[in-house]
Amino acid sequence: MSLEALNKQVKKDLSYLAFGGTDWVRPVQHQDGHVYDVVIIGGGQSGLAAAFGLMRERISNILVLDENLEGFEGPWETYARMVTLRTPKHLTSIDLGIPSLTFRSWWEAQFGAKSWEAIDKIPRGDWMNYLRWYREVLSLPVKNEVKLTLIEPLETGVYRLHVDGHGTLDKTLFARKVILATGIQGGGEWHVPSFIKEKLPTHLYAHTSNSIDFTVLQGKKIAILGGGASAFDNAHFALSKGVAEAHVFVRRKEMPRINPIRQMEGSGLIERFQVLSDKDKYKVMSHFFKHNQPPTNDTFGRASSWPGFKLHLGSPWLDVKATSEGAVVTTPNGEFTYDFLIISTGLVTNPSLRPELKLVEKHIIRWGDLYTAPNQIANPMIDAHPYLSPGFAFQSQDDEGKKHLYGLFAFNYSALISCGILASALSGMKFGIPQLVSEVSNQLFLDNRKEILEDYFNYNVQEFIADLTTTQELA
């Protein structure tokens with residue numbers, strides 16, 4: 001099958017599912033502009049899948065906004081530096097149960113079934129190409145180079161979205177519902193330890209999420225802080241670009257070897273996580289944080305195969321300082337000097353860190369507000385996560401907050417404690433998107449409840465029109 005034939009198959013499959021039917025949602029008016037039923041912030045895999053899911057529910061007055069150039073949404077062609085995805089290739093995700101929309105169908109249409117059997121994991125660049133195809137074949141309404149700067153709740157049950165960027169002429173948009181499909185950093189910010197930010201000039205270090213010019217590091221000696229998969233992705237990438245030495249420093253004395261996600265994928269824990277008690281959820285995620293996600297064997301093998309690769313276990317960074325020779329790193333094992341540092345210390349989740357939530361974040365319930373964990377597993381990083389509904393809606397304890405938050409959804413990494421990995425891993429997305437779409441749809445339905453029920457009770461179109469006069473027996 002060619003890609004052209006696959007495109008036709010997608011259209012045929014969707015027609016069999018009656019995709020594209022008439023919207024049932026009642027339009028809302030605002031004097032200052034058009035009101036979208038849903039605006040999705042983020043045009044990566046989550047945002048695209050959410051848009052498709054809503055359109056399947058006959059909710060098409062929607063818009064997807066992404067701050068990046070078209071075709072460069074998400075991390076895959078920006079700061080992600082892995083060779084392949086870490087998710088097993090056979091797991092489905094944003095296809096939402098339609099075989100012709102799976103990555104496998106897209107791959108085999110171009111490279112054949114034998115090629116699919118030959119690959120171990122999905123190449124990163126091909127995943128991005130698949131997302132570009134997915135957006136195009138489904139005609140999803142995405143507007144690029146538009147950045148959300150502020151969500152302003154209005155008294156009318158509508159949000160005024162303040163936006164900026166080259167992709168828009170309007171500085172404000174209006175939406176009844178807003179989905180933050182903003183990925184790994186969308187619930188907080190990338191974390192750089194304060195002692196690094198305070199003591200080093202920015203030309204001596206960068207976080208893995210930053211754009212890094214590796215050409216200027218050719219022949220140089222660099223250090224990477226962190227023991228997760230991203231640290232080894234960056235080590236391999238740097239060495240492949242001509243860096244002479246890449247030293248990875250890990251706080252732990254032993255490398256993490258267990259990936260909890262692999263167990264979750266077959267145990268029901270991903271799709272059924274939300275029926276757990278708060279106590280169990282907290283315990284599960286504390287265990288998840290404890291193990292972290294180790295590098296895949298092939299990722300570690302690629303990095304460690306370079307002569308310039310060095311691994312330092314049991315070596316937390318105690319201090320850093322700038323000198324004329326570069327950045328000096330102090331560890332329990334001594335001092336080391338490097339030309340450049342790459343920080344792979346993940347992210348911090350807290351709604352207060354998100355500028356677009358500035359007007360509403362004080363109303364958002366955090367886990368620490370509702371649940372006190374036992375001392376042995378208590379974690380302030382977990383406590384700072386928002387306490388979301390099963391459908392990813394922000395929650396509030398006061399009436400004013402409920403009014404301001406009604407219609408805001410967090411389908412990003414900040415949902416981790418409340419909803420598990422449904423919004424933060426491809427292996428969870430096939431279960432998470434339907435739950436998100438269901439709750440958004442339910443809210444829209446209840447918003448229009450009065451009108452919908454009035455029309456129902458007043459409906460008097462006769463469907464049965466047979467003439468009974470010739471068949472009716474006279475008394």
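Up top is the structure.
Scope of this entry: the structure provided in the associated data block. (Residues numbered from 1 in each chain as written. Predicted model: local features only at pLDDT ≥ 70, side-chain atom pairs only at ≥ 80, totals over all residues. Heavy atoms only, no water.)

### Quick word on the pairing of strand E1 (residues 35-41)
- Burial analysis of E1 places seven of its seven residues in the buried class, the great majority of the element.
- Relative to strand E8 (residues 172-183), E1 is paired through six bridges, and the arrangement is parallel. Note on E8: the bridge partner recorded for Val 38 is Lys 177.
- Two strands pair when backbone bridges link them, and E1 and strand E2 (residues 62-66) are joined in this way by four bridges, in the parallel orientation. (Buried < 20%, exposed > 50% of the residue type's maximum accessible area, 1.4 Å probe, protein only. Helix = DSSP H or I, 4+ residues; strand = E, 2+ residues; numbered from the N terminus. Pairing = 2+ DSSP bridges.)

### Considerations on the pairing of E2
- The element E2 is largely enclosed, with a buried count of five among its five residues.
- Residues of E2 alternate between two faces, with Ile 62, Val 64 and Asp 66 on one and Leu 63 and Leu 65 on the opposite face, all of them buried.
- In this region the chain leaves E1, passes through helix H2 (residues 45-56) and returns to the parallel neighbour E2; the handedness of that crossover is right-handed.
- Both E2 and strand E5 (residues 142-144) contribute to a ladder of three bridges, which runs parallel. The residue of E5 that forms the bridge with Val 64 is Val 142. (Right-handed = clockwise from strand over helix to strand, strands pointing away.)

### With respect to the sheet that holds strand E17 (residues 340-343)
- The parallel open sheet is built from five strands, whose spatial order is E10-E17-E11-E12-E13. The open sheet is flanked by strand E10 (205-207) and strand E13 (309-312), the only strands paired with a single partner. On average, each strand axis in the sheet is inclined to that of its neighbour by 20°, with strand direction left out of account.
- Inspection of the sheet shows strand E11 (residues 221-225) paired to E17 by four bridges, in the parallel sense. Among the inter-strand pairings, Ile 222 is bridged to a residue of E17, identified as Phe 340. (Axes fitted to C-alpha atoms, helices over the stretch in contact; angles between N-to-C directions.)

### Re a nonpolar patch on the surface
- Together, Tyr 406, Phe 445 and Leu 446 make up an exposed nonpolar region whose accessible area comes to about 290 Å².
- Considering the arrangement of structural elements, one finds Tyr 406 in the loop between helix H13 (399-405) and strand E19 (408-412).
- Here Tyr 406 falls in the partly exposed class, since its relative accessible area comes to 36%. (Patch = residues over 30% accessible without salt bridge, like charges linked within 9 Å, V, L, I, M, F, W, Y side chains within 5 Å. Areas by Shrake-Rupley, 256 points an atom, 1.4 Å probe, with all protein chains shown as cover. Salt bridge = Lys/Arg side-chain N within 4 Å of Asp/Glu carboxyl O.)

### Some thoughts on the environment of Cys 419
- Note on placement: Cys 419 falls in helix H14 (residues 416-419).
- On the basis of relative accessible area, Cys 419 is assigned to the buried category, the value being 0%.
- For the pair Cys 419 and Ile 258, spaced 161 residues apart in the sequence, the C-alpha separation amounts to 21 Å.
- Those residues in contact with Cys 419 that lie beyond four places of it in its chain are Phe 273, Gln 274, Ser 389, Pro 390 and Phe 392. (Contact = heavy atoms within 4.5 Å.)

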